[in-house]
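# Descriptive structure summary
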Amino acid sequence: MQQQEQPKLKDLLEFPCKFTYKVMGYNKPELADLVVEVIQRHAPGDYTPNVKPSGKGTYSAVSVSITATSIEQVETLYKELGEIDIVRVVL
């Protein structure tokens, strides 16, 4: 029985497309600004991040949608958002 190969992200997306990053990090006032700063570097635009604190208030989720132009841009942003020191997860 041949195992079917999972489609890669790059095969599922057609560029340009809308792409939303959800960044989970410590609930600090600068979190949203740091996320937008990284995104601006690779996808300049006017962004209004959606910020939701966790139930206990320890973490926040910051969602930002961009118009992605290439898989390289998407992957670079995942990597750089993950490198922000107060960020825990990028979805």
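Residues numbered from 1 in each chain as written. Predicted model: local features only at pLDDT ≥ 70, side-chain atom pairs only at ≥ 80, totals over all residues. Heavy atoms only, no water.

Rules: UniProt positions are given in the numbering used here, feature names are shortened, and annotations may be inferred rather than shown by experiment.
Going by an unreviewed UniProt entry, the chain carries the name UPF0250 protein RJ45_10870 and comes from Photobacterium gaetbulicola. The record in UniProt for the chain states the following under Sequence similarities (unreviewed entry): "Belongs to the UPF0250 family."

### Comments concerning the pairing of strand β3 (residues 59–68)
Working note: regular strand, side chains alternate between the two faces of the sheet. Inclusion rule: At least two DSSP bridges between two strands are needed for those strands to be called paired. Only DSSP runs of H or I covering at least 4 residues are called helices, and only runs of E covering at least 2 are called strands; the numbering of each starts at the N terminus.
By the bridge criterion, 10 bridges tie strand β1 (residues 17–26) to β3 in an arrangement that is antiparallel. The residue bridging Tyr26 from the neighbouring strand is Tyr59, located in β3. Sheet topology places strand β2 (residues 50–53) next to β3; 4 bridges connect them, and they run antiparallel. Within β3, the position partnered with Pro53 by the bridge is Ser60. Taking the residues between adjacent antiparallel strands as the criterion, β2 and β3 are bridged by 5 residues, where Gly57 takes a positive phi near 85°.

### Quick notes on helix α2 (residues 31–42)
Put simply, the rule reads: The span you would expect from a helix comes to 1.5 Å times its residue count less one. Contact definition: two residues touch when any of their heavy atoms are within 4.5 Å.
When the terminal C-alpha atoms of α2 are compared, their 18 Å separation across 12 residues agrees well with the 16 Å that a helix rising 1.5 Å per residue should span. For α2, the secondary structure elements touched by its buried residues are β1, β2, β3, α3 (71–82) and β4 (87–90).

### Notes on the environment of Gly55
Rules: Burial classes: relative accessible area under 20% of the type maximum marks a residue as buried, over 50% as exposed, and values in between as partly exposed (1.4 Å probe, protein chains only).
Structurally, the position occupied by Gly55 is in the loop between β2 and β3. A relative accessible area of 88% means that Gly55 is categorised as exposed.

### A few points about the nonpolar core
Generally speaking, a soluble globular protein has its nonpolar side chains buried in company with each other. The line we're drawing: The term nonpolar core refers to a set of buried residues drawn from Ala, Val, Leu, Ile, Met, Phe, Trp, Tyr and Cys, joined through side-chain atoms within 4.5 Å.
Counting residues in each nonpolar core, the largest one holds 25 residues, and the members touching the most others are Tyr21, Val35, Ile39, Ile66 and Leu81. Those elements that place two or more of their residues in this core are β1, α2, β3, α3 and β4. In terms of residue count, the dominant contributor to this core is α2 (6 residues). Excluding residues within four positions of it along the chain, Val35 makes contact with Val23, Val62, Val64, Leu81 and Ile84.

### Thoughts on the sheet that holds β2
In plain terms, the rule: Lines are fitted to the C-alpha atoms to define the axes, a helix being fitted only along its stretch in contact, and any angle between axes, read from their N-to-C directions, falls within 0 to 180 degrees.
Strand order in the open sheet formed by 4 strands is β2-β3-β1-β4, with antiparallel pairing between adjacent strands. The strands lining the two open edges of the sheet, one partner per strand, are β2 and β4. Taken pair by pair, the neighbouring strands of this sheet meet at an average axis angle of 25°, ignoring direction. Sheet topology places β1 next to β4; 3 bridges connect them, and they run antiparallel. Looking across to β4, one finds that Met24 is bridged to Val89. Contacting β1, β2, β3 and β4, α2 runs over the sheet at an angle of about 20° to β3.

### Regarding the environment of Arg41
With respect to the helices, strands and loops of the structure, Arg41 is situated in helix α2. When the C-alpha positions of Arg41 and Leu31 are compared, they lie 16 Å apart, and in sequence the two are 10 residues distant.

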